[in-house]
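Chain and residue survey
Here is what each chain is made of, one letter per residue.
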Amino acid sequence: MFHTGSTLGFDTFVGFSPQAQVGLAVMAGARSLRSRRFVRNAYGTLRTLVAQCRVPGAARAPSSAPRGRDAEGS
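Residues numbered from 1 in each chain as written. Predicted model: local features only at pLDDT ≥ 70, side-chain atom pairs only at ≥ 80, totals over all residues. Heavy atoms only, no water.

This part is about the pairing of strand β2 (residues 10–17). By the alternation rule, side chains of β2 split into Asp11, Phe13, Gly15 and Ser17, which are all buried, and Phe10, Thr12, Val14 and Phe16, of which none is buried. Where strand β1 (residues 2–7) meets β2, six bridges bridge the pair, whose relative direction is antiparallel. Across the sheet, the residue bridging to His3 is Val14, located in β2. The hairpin formed by β1 and β2 contains two residues between the paired strands, and Leu8 there has a positive phi angle of roughly 45 degrees. Looking at chain direction, β2 and strand β3 (residues 22–28) are connected through seven bridges and run antiparallel. Bridge pairing links Ser17 to Val22 in β3. Joining the antiparallel neighbours β2 and β3 is a turn of four residues, in which Gln21 adopts a positive phi near 55 degrees. (Buried < 20%, exposed > 50% of the residue type's maximum accessible area, 1.4 Å probe, protein only. Helix = DSSP H or I, 4+ residues; strand = E, 2+ residues; numbered from the N terminus. Pairing = 2+ DSSP bridges.)

We now examine the packing of aromatic side chains. Applying the stated criterion across every chain, the model contains two aromatic pairs. With centroids separated by 5.3 Å and ring planes inclined at 25 degrees, the aromatic side chains of Phe2 and Phe13 adopt a geometry described as stacked. Of this pair, Phe2 sits in strand β1 while Phe13 sits in strand β2, placing them 11 residues apart in sequence. By relative accessible area, which is 0% here, Phe13 ends up buried. (Phe/Tyr/Trp six-rings, centres within 6.5 Å; stacked < 30°, edge-to-face > 60°.)

Here it is, written out as C-alpha cells:
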C-alpha cells in the first residue's frame, strides 16, 4: 500500500507492506524530483526493502510501479 502527495514545492511518499512489516516515508522539497520519477523511485525502494526481508510471501509485490498517484498492492 502507498500514498503520495505534493503541495507548494514538496513531494511525499508513504508506503507500507503489511506482510513484510516494512514501511518507507520519503519527503522532498526539490521540484526537480517531482511527480512520476519521484514516485517510481520511492516505490522501487520500497519493493527492494520488502524483497530483502525474506518473509514468505513478502516478495510478491507488483512487478512495476502503478501508474496512478495512489495504489494498493500486496
